Structures are given as structure tokens and as C-alpha cells.
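Fold and geometry: a report
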Amino acid sequence: QVQLVESGGGLVQAGGSLRLSCAASRRTFRRYATGWFRQAPGKEREFVAAISWNGGSTYSADSVKGRFSISRDNAKNTEYLQMNSLKPEDTAIYYCAADHQVAVGTTDPNIYSYWGQGTQVTVSS
């Protein structure tokens with residue numbers, strides 16, 4: 001079992017930036033591919049970005065390409081989502097996810113085994 005805890009969410013104006021963090025409870029996290037998803041009220045959970053276990057490969061949704069970047073620091077058992085040029089439509093609860101068998105390009109949230117509790121991101125216009 002891996003426990004994931006997100007932090008860094010908040011309220012920001014359009015055009016602003018936030019950096020989300022996801023801390024894992026176990027060192028085995030460094031062997032897991034990880035990703036970020038988000039869910040807005042009344043909508044399904046959607047893929048945002050993913051990164052391979054060693055950070056060598058990343059994949060992002062078209063809606064965030066050029067604005068968001070995913071990274072990880074395995075020495076700290078932590079992954080990050082740097083979000084720039086935020087838009088009101090980015091408002092959602094953001095969740096980190098991990099799995100030891102998922103491919104980086106996997107966008108289906110049902111494939112991921114471990115999830116954090118989520119952190120709220122609100123972008124005002």
C-alpha cells in the first residue's frame with residue numbers, strides 16, 4: 001500500500017501559477033509511474049499528466065500542454081505539477097495517482113491503484 005498526500009492547491013487569479021505536490025508514504029513509490037487527474041463539479045475525472053517511474057518519460061493532456069509540467073523527486077518520494085497560465089476552466093479538485101504497472105500514456109483513471117485525497121484549485125477570472 002502506498003499513501004499519497006497532495007498539497008499546494010488554493011485560489012489564484014487567471015494567468016497565475018500554482019505548484020502542486022504529492023508526497024508518498026513509501027520508498028517503493030520510486031518504482032511507480034505516477035500521474036495527476038482533476039475533477040470539476042458535475043464532470044468526470046480527467047487525465048492531466050503522467051510521468052514514468054524514473055522521470056524519463058512524461059505525457060500531458062492537450063488542454064494543459066505548454067502550461068503544466070509534471071516532475072518528480074524520487075529521493076523525496078514526491079511528484080509535482082507546476083501549473084502556469086492558469087485559466088478558470090482549470091478549476092477542479094486535483095488528485096495524484098500511482099501504479100506500478102501503468103504505462104505513462106494511460107489516461108484511464110480506473111487503471112491507477114493508489115490515489116490521494118485531492119487538493120482544490122480555484123482560478124478566478
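This section reports on the structure supplied with the text. (Residues numbered from 1 in each chain as written. Predicted model: local features only at pLDDT ≥ 70, side-chain atom pairs only at ≥ 80, totals over all residues. Heavy atoms only, no water.)

On a plain count of helices and strands, the protein chain comes out with zero helices and 11 strands. In sequence order, the secondary structure elements of the protein chain are arranged as β-β-β-β-β-β-β-β-β-β-β. Compactness check: the protein chain gives a C-alpha radius of gyration of 13 Å against a globular reference of 14 Å for 125 residues, within 12% of the reference. In terms of principal-axis extent, the alpha carbons of the protein chain reach across some 40 × 25 × 25 Å. Looking at the protein chain residue by residue over its 125 residues, the buried ones come to 47%. Considering only residue pairs separated by 6 or more positions, the protein chain has 60% of its internal contacts joining residues 24 or more positions apart. Carbon and sulfur atoms provide 45% of the accessible area of the protein chain, an area that totals close to 6300 Å². Here the protein chain contributes 13 positive and 10 negative side-chain charges, whose respective centroids are spaced 8 Å apart. (Helix = DSSP H or I, 4+ residues; strand = E, 2+ residues; numbered from the N terminus. Rg over C-alpha atoms; globule rule 2.2 N^0.38 Å. Buried < 20%, exposed > 50% of the residue type's maximum accessible area, 1.4 Å probe, protein only. Contact = heavy atoms within 4.5 Å. Areas by Shrake-Rupley, 256 points an atom, 1.4 Å probe, with all protein chains shown as cover. Lys, Arg positive; Asp, Glu negative; His and termini not counted. Charge placed at Lys NZ, Arg CZ, Asp CG, Glu CD.)

Within the largest apolar cluster, 36 residues are counted, with the highest numbers of intra-cluster contacts made by Leu 4, Trp 36, Val 48, Phe 68, Leu 81, Met 83 and Tyr 94. Contributing elements (two or more residues each) for this core: strand E3 (18-24), strand E4 (33-39), strand E5 (46-51), strand E7 (68-73), strand E8 (78-83), strand E9 (92-99) and strand E11 (119-124). Ignoring any residue separated from it by four or fewer positions in sequence, one finds Met 83 in contact with Gly 16, Ser 17, Leu 18, Leu 20, Arg 67, Phe 68, Tyr 94 and Val 121. (Core = buried A, V, L, I, M, F, W, Y, C linked by side-chain atoms within 4.5 Å.)

So, on to the sheet that holds E3. Strand order in the open sheet formed by four strands is E1-E3-E8-E7, with antiparallel pairing between adjacent strands. Looking at the sheet topology across the chains shown, the edges are occupied by strand E1 (4-7) and E7. Put simply, the sheet's adjacent strands are angled 15 degrees from each other on average, direction ignored. In this structure, E1 lies alongside E3, joined through four bridges in antiparallel fashion. Bridged to Leu 4 within E3 is Ala 24. (Pairing = 2+ DSSP bridges. Axes fitted to C-alpha atoms, helices over the stretch in contact; angles between N-to-C directions.)

Bringing the environment of Gly 116 into the picture now. Take Gly 116: it is sitting in the loop between strand E10 (114-115) and E11. Measuring from C-alpha to C-alpha, the distance between Gly 116 and Leu 11 comes to 20 Å, with 105 residues separating the pair along the chain.

As a further point, take the packing of aromatic side chains. Within this structure, the stated rule accounts for seven aromatic pairs. A centroid spacing of 5.7 Å and a plane angle of 75 degrees characterise the contact between Phe 37 and Phe 47, whose relative ring orientation is edge-to-face. Placement of Phe 37 in strand E4 and of Phe 47 in strand E5 is noted, with a sequence separation of 10 residues between them. The same class applies to Phe 37 and to Phe 47, which are both buried. A centroid spacing of 5.1 Å and a plane angle of 55 degrees characterise the contact between Phe 37 and Trp 115, whose relative ring orientation is tilted. Taken as a pair, Phe 37 in strand E4 and Trp 115 in strand E10 lie far apart in primary sequence, 78 residues in all. (Phe/Tyr/Trp six-rings, centres within 6.5 Å; stacked < 30°, edge-to-face > 60°.)

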